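# Structural overview for review
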Amino acid sequence: MEVYLDNSATTRVFPEVAQEMMEIMCEHYGNPSSLHLKGVKGESYVKYAKEAFARILKVEEKEIYFTSGGTESDNLALIGCAMANHRAGRHLITTQIEHPAILRTMEYLEKQGYQVTYLPVDDEGRIRLEDLKRAIRQDTILVSVMHTNNEIGSLQPIQEIGPLIKRMNPGTLFHVDAVQGFGKFRIYPKKYGIDLLSVSSHKIHGPKGVGLLYVNEKVKIHTISYGGGQQRGLRSGTENVPGITGMARAAELMYAHLDQDTDQLYELKDRFISGLKKLPDIRINGRTGRDSAPHIVSVSVRGVRSEVLLHALEDKGIYVSAGSACAAKKPQPSATLKAIGVERELLDSTIRFSMSVFTTREEIDYTVEAMHELIPMLRKYTRK
(Lines give C-alpha, C1' and ligand atoms only; values in the text may rest on other atoms or scores of the structure.)
Protein backbone atom coordinates (compact mmCIF):
# COMPACT_ATOMS: atom_id res chain seq x y z
CA MET A 1 0.00 0.00 0.00
CA GLU A 2 1.16 3.55 -0.78
CA VAL A 3 0.09 6.20 1.72
CA TYR A 4 0.85 9.86 1.04
CA LEU A 5 0.70 11.86 4.27
CA ASP A 6 2.81 14.86 3.26
CA ASN A 7 0.00 17.07 1.98
CA SER A 8 1.26 20.15 3.83
CA ALA A 9 4.31 19.97 1.58
CA THR A 10 2.30 19.54 -1.60
CA THR A 11 -0.87 17.88 -2.81
CA ARG A 12 -1.92 15.65 -5.67
CA VAL A 13 -3.56 17.67 -8.44
CA PHE A 14 -7.27 17.08 -8.95
CA PRO A 15 -7.80 15.12 -12.21
CA GLU A 16 -10.26 17.75 -13.44
CA VAL A 17 -7.63 20.43 -12.90
CA ALA A 18 -4.92 18.55 -14.79
CA GLN A 19 -7.29 17.88 -17.69
CA GLU A 20 -8.30 21.52 -18.03
CA MET A 21 -4.70 22.70 -17.80
CA MET A 22 -3.68 20.29 -20.55
CA GLU A 23 -6.42 21.66 -22.79
CA ILE A 24 -5.24 25.22 -22.22
CA MET A 25 -1.59 24.40 -22.83
CA CYS A 26 -2.32 22.50 -26.04
CA GLU A 27 -5.26 24.44 -27.52
CA HIS A 28 -5.86 27.80 -25.79
CA TYR A 29 -2.23 28.79 -25.36
CA GLY A 30 -2.41 32.42 -26.42
CA ASN A 31 -0.67 35.16 -24.46
CA PRO A 32 -3.42 36.97 -22.52
CA SER A 33 -1.88 40.31 -23.49
CA SER A 34 -2.20 39.57 -27.22
CA LEU A 35 -5.04 41.27 -29.09
CA HIS A 36 -5.99 38.37 -31.37
CA LEU A 37 -8.56 35.67 -30.56
CA LYS A 38 -6.02 33.32 -29.01
CA GLY A 39 -4.96 36.08 -26.64
CA VAL A 40 -8.55 37.06 -25.85
CA LYS A 41 -9.28 33.42 -24.96
CA GLY A 42 -6.29 33.35 -22.64
CA GLU A 43 -7.43 36.59 -21.02
CA SER A 44 -10.88 35.09 -20.46
CA TYR A 45 -9.34 32.30 -18.35
CA VAL A 46 -7.53 34.83 -16.17
CA LYS A 47 -10.79 36.76 -15.76
CA TYR A 48 -12.61 33.55 -14.78
CA ALA A 49 -9.97 32.89 -12.11
CA LYS A 50 -10.29 36.40 -10.69
CA GLU A 51 -14.06 36.03 -10.53
CA ALA A 52 -13.73 32.68 -8.78
CA PHE A 53 -11.38 33.94 -6.08
CA ALA A 54 -13.29 37.19 -5.62
CA ARG A 55 -16.42 35.11 -5.00
CA ILE A 56 -14.71 32.71 -2.56
CA LEU A 57 -12.99 35.49 -0.58
CA LYS A 58 -15.90 37.98 -0.97
CA VAL A 59 -13.60 40.68 -2.36
CA GLU A 60 -13.32 42.66 -5.61
CA GLU A 61 -11.76 41.14 -8.73
CA LYS A 62 -9.34 44.05 -9.03
CA GLU A 63 -7.96 43.13 -5.59
CA ILE A 64 -6.69 39.73 -6.78
CA TYR A 65 -3.11 39.43 -8.08
CA PHE A 66 -1.58 36.20 -9.34
CA THR A 67 1.97 35.24 -8.41
CA SER A 68 4.34 32.26 -8.67
CA GLY A 69 3.29 30.94 -5.25
CA GLY A 70 3.04 31.63 -1.53
CA THR A 71 6.66 32.72 -1.19
CA GLU A 72 6.38 35.43 -3.83
CA SER A 73 3.03 36.56 -2.41
CA ASP A 74 4.58 36.91 1.06
CA ASN A 75 7.61 38.76 -0.30
CA LEU A 76 5.48 41.14 -2.34
CA ALA A 77 3.19 41.86 0.60
CA LEU A 78 5.96 42.55 3.11
CA ILE A 79 8.58 44.28 0.97
CA GLY A 80 6.03 46.09 -1.20
CA CYS A 81 4.18 47.53 1.79
CA ALA A 82 7.36 48.37 3.69
CA MET A 83 8.65 50.33 0.69
CA ALA A 84 5.36 52.13 0.12
CA ASN A 85 4.73 53.08 3.74
CA HIS A 86 8.20 53.73 5.18
CA ARG A 87 7.43 57.40 5.79
CA ALA A 88 4.66 56.36 8.21
CA GLY A 89 7.07 54.17 10.18
CA ARG A 90 9.62 51.39 10.04
CA HIS A 91 8.22 48.99 12.62
CA LEU A 92 6.87 45.55 11.66
CA ILE A 93 5.38 42.75 13.74
CA THR A 94 5.25 39.02 13.10
CA THR A 95 5.43 35.79 15.14
CA GLN A 96 8.24 33.41 16.00
CA ILE A 97 6.58 30.50 14.17
CA GLU A 98 6.02 31.94 10.71
CA HIS A 99 7.01 30.19 7.49
CA PRO A 100 10.55 30.97 6.24
CA ALA A 101 8.97 33.04 3.44
CA ILE A 102 7.97 35.50 6.16
CA LEU A 103 10.87 35.13 8.60
CA ARG A 104 13.62 35.42 5.95
CA THR A 105 11.86 38.42 4.39
CA MET A 106 11.64 40.10 7.79
CA GLU A 107 15.36 39.49 8.26
CA TYR A 108 15.99 41.17 4.91
CA LEU A 109 13.88 44.17 5.94
CA GLU A 110 15.80 44.45 9.21
CA LYS A 111 18.98 44.83 7.15
CA GLN A 112 17.22 47.65 5.27
CA GLY A 113 16.70 49.57 8.50
CA TYR A 114 13.31 48.30 9.63
CA GLN A 115 12.65 47.11 13.18
CA VAL A 116 10.80 43.81 13.62
CA THR A 117 9.05 42.50 16.73
CA TYR A 118 8.73 38.70 16.84
CA LEU A 119 5.80 37.70 19.04
CA PRO A 120 6.19 34.56 21.17
CA VAL A 121 3.51 31.86 21.25
CA ASP A 122 2.10 29.64 23.99
CA ASP A 123 2.76 25.91 24.23
CA GLU A 124 -0.04 25.28 21.72
CA GLY A 125 1.42 27.64 19.14
CA ARG A 126 -0.95 30.60 19.52
CA ILE A 127 0.01 34.21 20.08
CA ARG A 128 -1.38 36.09 23.06
CA LEU A 129 -3.52 39.04 22.04
CA GLU A 130 -2.14 41.07 24.94
CA ASP A 131 1.37 40.64 23.55
CA LEU A 132 0.22 41.91 20.18
CA LYS A 133 -1.62 44.81 21.77
CA ARG A 134 1.51 45.89 23.64
CA ALA A 135 3.68 45.52 20.54
CA ILE A 136 1.66 47.81 18.26
CA ARG A 137 3.11 51.32 18.13
CA GLN A 138 2.39 54.55 16.34
CA ASP A 139 5.09 53.71 13.78
CA THR A 140 3.92 50.11 13.22
CA ILE A 141 3.15 49.87 9.52
CA LEU A 142 2.40 46.16 9.16
CA VAL A 143 1.55 43.03 11.17
CA SER A 144 1.97 39.62 9.51
CA VAL A 145 0.43 36.57 11.20
CA MET A 146 -0.10 33.17 9.58
CA HIS A 147 -3.58 31.65 9.61
CA THR A 148 -2.50 28.01 10.07
CA ASN A 149 0.94 26.84 11.14
CA ASN A 150 2.45 24.51 8.58
CA GLU A 151 4.25 22.31 11.12
CA ILE A 152 1.88 21.77 14.04
CA GLY A 153 -1.44 22.99 12.64
CA SER A 154 -2.09 25.68 15.25
CA LEU A 155 -4.65 28.32 14.29
CA GLN A 156 -4.17 31.98 15.10
CA PRO A 157 -7.20 34.05 16.24
CA ILE A 158 -7.30 35.90 12.93
CA GLN A 159 -10.86 37.15 13.40
CA GLU A 160 -9.80 38.88 16.63
CA ILE A 161 -6.39 40.09 15.46
CA GLY A 162 -7.66 42.23 12.58
CA PRO A 163 -10.08 44.35 14.64
CA LEU A 164 -7.51 44.64 17.45
CA ILE A 165 -4.90 46.05 15.08
CA LYS A 166 -7.32 48.62 13.67
CA ARG A 167 -8.36 49.73 17.18
CA MET A 168 -4.76 50.21 18.26
CA ASN A 169 -3.57 51.86 15.03
CA PRO A 170 -5.98 52.28 12.09
CA GLY A 171 -3.02 52.87 9.75
CA THR A 172 -1.34 49.53 10.48
CA LEU A 173 -1.76 46.96 7.71
CA PHE A 174 -2.63 43.33 8.46
CA HIS A 175 -1.14 40.57 6.30
CA VAL A 176 -2.16 36.92 6.65
CA ASP A 177 -0.20 33.99 5.21
CA ALA A 178 -3.14 31.67 4.50
CA VAL A 179 -1.18 29.08 2.51
CA GLN A 180 -2.16 26.24 4.88
CA GLY A 181 -5.56 27.64 5.87
CA PHE A 182 -7.09 28.48 2.50
CA GLY A 183 -9.17 25.58 1.24
CA LYS A 184 -9.66 24.28 4.80
CA PHE A 185 -11.48 27.27 6.26
CA ARG A 186 -13.69 30.08 4.99
CA ILE A 187 -11.63 33.25 5.11
CA TYR A 188 -13.20 36.64 4.42
CA PRO A 189 -10.54 39.40 4.39
CA LYS A 190 -12.89 42.37 4.51
CA LYS A 191 -14.91 40.92 7.37
CA TYR A 192 -11.80 40.09 9.42
CA GLY A 193 -9.88 43.31 8.75
CA ILE A 194 -7.25 41.59 6.59
CA ASP A 195 -5.50 43.96 4.17
CA LEU A 196 -3.34 41.39 2.36
CA LEU A 197 -3.71 37.61 2.07
CA SER A 198 -1.33 35.01 0.56
CA VAL A 199 -2.51 31.76 -1.05
CA SER A 200 -0.63 28.92 -2.76
CA SER A 201 -2.08 26.63 -5.43
CA HIS A 202 -0.21 23.41 -4.76
CA LYS A 203 -1.55 23.16 -1.20
CA ILE A 204 -5.13 22.86 -2.51
CA HIS A 205 -4.67 20.21 -5.23
CA GLY A 206 -3.73 22.76 -7.86
CA PRO A 207 -0.46 22.99 -9.83
CA LYS A 208 2.86 24.11 -8.38
CA GLY A 209 4.37 27.46 -9.26
CA VAL A 210 1.26 29.63 -8.90
CA GLY A 211 -0.36 31.57 -6.08
CA LEU A 212 -2.21 34.76 -5.37
CA LEU A 213 -2.05 37.84 -3.23
CA TYR A 214 -5.20 39.66 -2.19
CA VAL A 215 -4.51 43.37 -1.75
CA ASN A 216 -7.24 45.66 -0.44
CA GLU A 217 -7.69 48.44 -2.99
CA LYS A 218 -6.91 51.06 -0.32
CA VAL A 219 -3.50 49.60 0.51
CA LYS A 220 -0.35 51.44 -0.58
CA ILE A 221 2.03 48.86 -2.02
CA HIS A 222 5.02 49.09 -4.37
CA THR A 223 5.98 46.54 -6.97
CA ILE A 224 9.19 44.58 -6.41
CA SER A 225 9.51 43.41 -10.02
CA TYR A 226 9.45 45.46 -13.20
CA GLY A 227 8.40 44.57 -16.72
CA GLY A 228 5.46 44.88 -19.06
CA GLY A 229 3.06 46.27 -16.48
CA GLN A 230 0.65 43.33 -16.33
CA GLN A 231 -1.75 43.06 -13.37
CA ARG A 232 -2.08 46.81 -12.87
CA GLY A 233 1.70 47.13 -12.76
CA LEU A 234 2.04 45.39 -9.39
CA ARG A 235 3.17 42.03 -10.74
CA SER A 236 4.61 42.25 -14.23
CA GLY A 237 5.17 39.18 -16.38
CA THR A 238 3.05 37.09 -18.72
CA GLU A 239 0.32 35.45 -16.68
CA ASN A 240 0.61 31.68 -16.18
CA VAL A 241 -2.80 30.99 -17.72
CA PRO A 242 -2.93 27.19 -17.23
CA GLY A 243 -1.60 27.50 -13.68
CA ILE A 244 -3.94 30.34 -12.73
CA THR A 245 -6.93 28.50 -14.18
CA GLY A 246 -5.91 25.27 -12.48
CA MET A 247 -5.60 27.02 -9.12
CA ALA A 248 -9.03 28.61 -9.51
CA ARG A 249 -10.64 25.31 -10.48
CA ALA A 250 -8.95 23.58 -7.52
CA ALA A 251 -10.22 26.29 -5.17
CA GLU A 252 -13.78 25.86 -6.44
CA LEU A 253 -13.53 22.10 -5.91
CA MET A 254 -12.14 22.56 -2.39
CA TYR A 255 -14.99 24.86 -1.37
CA ALA A 256 -17.76 22.90 -3.12
CA HIS A 257 -17.96 20.36 -0.27
CA LEU A 258 -15.90 22.13 2.38
CA ASP A 259 -17.96 21.25 5.46
CA GLN A 260 -18.25 17.58 4.53
CA ASP A 261 -14.56 17.26 3.66
CA THR A 262 -13.51 19.08 6.83
CA ASP A 263 -15.65 16.81 9.01
CA GLN A 264 -14.04 13.79 7.36
CA LEU A 265 -10.53 15.15 7.96
CA TYR A 266 -11.22 15.84 11.64
CA GLU A 267 -12.62 12.32 12.00
CA LEU A 268 -9.48 10.84 10.44
CA LYS A 269 -7.28 13.06 12.59
CA ASP A 270 -9.03 11.92 15.78
CA ARG A 271 -8.75 8.29 14.70
CA PHE A 272 -5.05 8.71 13.94
CA ILE A 273 -4.23 10.45 17.22
CA SER A 274 -6.20 7.90 19.25
CA GLY A 275 -4.18 5.12 17.66
CA LEU A 276 -0.85 6.87 18.26
CA LYS A 277 -1.61 7.66 21.91
CA LYS A 278 -1.53 3.94 22.68
CA LEU A 279 2.22 4.11 22.10
CA PRO A 280 4.41 5.06 25.08
CA ASP A 281 6.61 8.15 25.16
CA ILE A 282 5.13 10.12 22.29
CA ARG A 283 3.97 13.72 22.26
CA ILE A 284 1.31 15.25 20.03
CA ASN A 285 2.33 18.87 19.46
CA GLY A 286 -0.22 21.68 19.52
CA ARG A 287 -3.97 21.47 19.76
CA THR A 288 -5.78 18.45 18.37
CA GLY A 289 -9.48 19.34 18.33
CA ARG A 290 -11.66 21.45 16.09
CA ASP A 291 -9.67 24.52 17.08
CA SER A 292 -6.70 23.13 15.16
CA ALA A 293 -6.04 22.45 11.48
CA PRO A 294 -8.02 19.40 10.31
CA HIS A 295 -5.16 17.96 8.27
CA ILE A 296 -1.94 18.31 10.31
CA VAL A 297 -0.61 16.10 13.12
CA SER A 298 2.85 16.73 14.62
CA VAL A 299 4.25 13.80 16.58
CA SER A 300 7.43 13.67 18.67
CA VAL A 301 8.71 10.14 19.31
CA ARG A 302 11.14 9.88 22.18
CA GLY A 303 14.22 7.81 21.41
CA VAL A 304 13.82 7.76 17.61
CA ARG A 305 15.40 10.29 15.27
CA SER A 306 12.90 11.77 12.84
CA GLU A 307 15.01 10.97 9.78
CA VAL A 308 15.27 7.32 10.81
CA LEU A 309 11.52 7.03 11.37
CA LEU A 310 10.78 8.88 8.12
CA HIS A 311 12.78 6.38 6.07
CA ALA A 312 11.42 3.39 7.99
CA LEU A 313 7.90 4.55 7.13
CA GLU A 314 8.97 5.16 3.55
CA ASP A 315 10.05 1.53 3.32
CA LYS A 316 6.44 0.66 4.08
CA GLY A 317 5.15 3.03 1.40
CA ILE A 318 4.20 5.81 3.83
CA TYR A 319 5.40 9.31 2.94
CA VAL A 320 5.69 11.97 5.66
CA SER A 321 7.86 14.99 6.55
CA ALA A 322 10.33 15.71 9.32
CA GLY A 323 8.83 19.16 9.90
CA SER A 324 8.45 21.79 7.17
CA ALA A 325 9.38 20.57 3.69
CA CYS A 326 10.76 24.04 2.94
CA ALA A 327 13.42 23.53 5.62
CA ALA A 328 13.58 19.72 5.63
CA LYS A 329 17.11 19.55 4.17
CA LYS A 330 18.53 22.03 6.64
CA PRO A 331 20.05 20.73 9.89
CA GLN A 332 18.87 23.41 12.31
CA PRO A 333 16.03 22.51 14.73
CA SER A 334 12.51 23.73 14.02
CA ALA A 335 11.89 27.28 15.23
CA THR A 336 8.23 26.39 15.73
CA LEU A 337 8.94 23.42 17.98
CA LYS A 338 11.42 25.47 20.00
CA ALA A 339 8.90 28.30 20.34
CA ILE A 340 6.22 26.02 21.81
CA GLY A 341 8.67 24.56 24.33
CA VAL A 342 9.30 21.09 22.92
CA GLU A 343 12.12 19.40 24.85
CA ARG A 344 15.55 19.64 23.27
CA GLU A 345 15.86 15.87 22.87
CA LEU A 346 12.56 15.76 20.97
CA LEU A 347 13.40 18.50 18.47
CA ASP A 348 15.08 15.99 16.20
CA SER A 349 12.49 13.30 16.88
CA THR A 350 9.42 14.92 15.36
CA ILE A 351 7.43 13.83 12.32
CA ARG A 352 4.63 15.72 10.57
CA PHE A 353 1.72 13.79 9.11
CA SER A 354 -0.64 15.77 6.88
CA MET A 355 -3.78 14.48 5.21
CA SER A 356 -5.96 15.55 2.28
CA VAL A 357 -9.39 14.90 0.83
CA PHE A 358 -7.89 11.81 -0.82
CA THR A 359 -6.82 10.25 2.52
CA THR A 360 -8.80 7.17 3.57
CA ARG A 361 -9.53 5.44 6.85
CA GLU A 362 -7.67 2.37 5.60
CA GLU A 363 -4.56 4.46 5.02
CA ILE A 364 -4.75 5.92 8.52
CA ASP A 365 -5.15 2.48 10.10
CA TYR A 366 -2.24 1.12 8.05
CA THR A 367 -0.04 4.01 9.21
CA VAL A 368 -0.97 3.48 12.87
CA GLU A 369 -0.13 -0.22 12.55
CA ALA A 370 3.20 0.66 10.98
CA MET A 371 4.03 3.08 13.82
CA HIS A 372 3.20 0.43 16.41
CA GLU A 373 5.47 -2.02 14.63
CA LEU A 374 8.37 0.30 13.88
CA ILE A 375 8.78 2.44 17.00
CA PRO A 376 9.55 -0.35 19.52
CA MET A 377 11.99 -1.87 17.03
CA LEU A 378 13.74 1.43 16.27
CA ARG A 379 14.04 2.29 19.96
CA LYS A 380 16.05 -0.91 20.51
CA TYR A 381 18.77 0.51 18.29
CA THR A 382 18.86 3.91 19.97
CA ARG A 383 22.18 4.76 21.55
CA LYS A 384 21.97 4.95 25.31
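In this report, we go over the structure that sits alongside the text. Note that this is a predicted model, so its numbers are computed, not measured.

Reading the values: rules and limits
- Residues numbered from 1 in each chain as written.
- Predicted model: local features only at pLDDT ≥ 70, side-chain atom pairs only at ≥ 80, totals over all residues.
- Heavy atoms only, no water.
- Helix = DSSP H or I, 4+ residues; strand = E, 2+ residues; numbered from the N terminus.
- Rg over C-alpha atoms; globule rule 2.2 N^0.38 Å.
- Buried < 20%, exposed > 50% of the residue type's maximum accessible area, 1.4 Å probe, protein only.
- Contact = heavy atoms within 4.5 Å.
- Areas by Shrake-Rupley, 256 points an atom, 1.4 Å probe, with all protein chains shown as cover.
- Expected span 1.5 Å × (residues − 1).
- Pairing = 2+ DSSP bridges.
- Axes fitted to C-alpha atoms, helices over the stretch in contact; angles between N-to-C directions.
- Right-handed = clockwise from strand over helix to strand, strands pointing away.

### A few points about the overall build of the protein
From N to C terminus, the protein includes twelve helices and twelve strands. In terms of overall size, the protein behaves like a compact globule, its C-alpha atoms giving a radius of gyration of 21 Å where 384 residues would be expected to give roughly 21 Å. With respect to the three principal axes, the spread of C-alpha positions in the protein is 65 × 55 × 35 Å. Counting all 384 residues of the protein, 58% fall into the buried class. For the protein, restricting intrachain contacts to residue pairs at least 6 apart in sequence, the fraction spanning at least 24 positions comes to 74%. Accessible area of the protein: about 17,100 Å², with a carbon and sulfur share of 50%.

### Topic: helix 3 (residues 70–84)
Helix length check: helix 3 (15 residues) gives 21 Å between terminal C-alpha atoms against 21 Å at 1.5 Å per residue, within 8%. Along helix 3, twelve of the 15 residues are buried, which leaves the element largely enclosed by surrounding structure. Where helix 3 is buried, its residues touch strand 2 (64–67), helix 4 (100–111), strand 5 (140–144), strand 6 (173–177), strand 7 (196–200) and strand 8 (211–215).

### Focus on the environment of E362
Examined against the element boundaries, E362 turns out to sit in helix 12 (residues 361–380). C-alpha of E362 to C-alpha of M1: the two residues are 361 residues apart in sequence and 9.8 Å apart in space.

### Some words on the sheet that holds strand 10 (residues 296–301)
Each strand in a sheet pairs with another by means of backbone hydrogen bonds, the pair being arranged parallel or else antiparallel. Pairing in this open sheet of three strands is antiparallel, and the strands run 9-10-12 from one edge to the other. Whereas interior strands pair on both sides, the edge strands pair on one side only; in this sheet they are strand 9 (282–285) and strand 12 (350–354). Neighbour to neighbour, the strand axes of the sheet diverge by 25° on average, direction disregarded. Summarising the sheet, strand 9 and strand 10 pair through four bridges and their orientation is antiparallel. Directly across from N285, in strand 10, lies its bridge partner S298. Docked against the sheet, helix 9 (residues 258–276) engages strand 9, strand 10 and strand 12, running at close to 10° with respect to strand 10. Against the sheet, helix 12 contacts strand 9, strand 10 and strand 12, and its axis sits at roughly 20° relative to strand 10.

### Some thoughts on unusual backbone geometry
The phi dihedral of K58 falls on the positive side, at around 60°, and the residue is not glycine. Relative to the helices and strands, K58 resides in the loop between helix 2 (37–57) and strand 2. Residue K58 is classed as exposed on the basis of its relative accessible area, which comes to 54%. Positive phi, close to 55°, is recorded for Q231, a residue that is not glycine. Mapped onto the elements, Q231 comes out in the loop between strand 8 and helix 8 (241–256).

### Quick word on the pairing of strand 6
Of all the five residues making up strand 6, five are buried; the element is thus mostly covered by neighbouring parts of the structure. The alternating pattern of strand 6 places L173, H175 and D177 on one face and F174 and V176 on the opposite face, and all of these are buried. Pairing analysis gives three bridges linking strand 5 to strand 6, with the strands arranged parallel. When the sheet's bridge partners are listed, S144 is paired in strand 6 with H175. Regarding topology, helix 6 (residues 158–168) serves as the crossover connection from strand 5 to the parallel strand 6, and that connection is right-handed. Pairing between strand 6 and strand 7: three bridges, direction parallel. Bridge pairing in strand 7 places H175 opposite L196.

The values are spatial; any link to function lies outside them.
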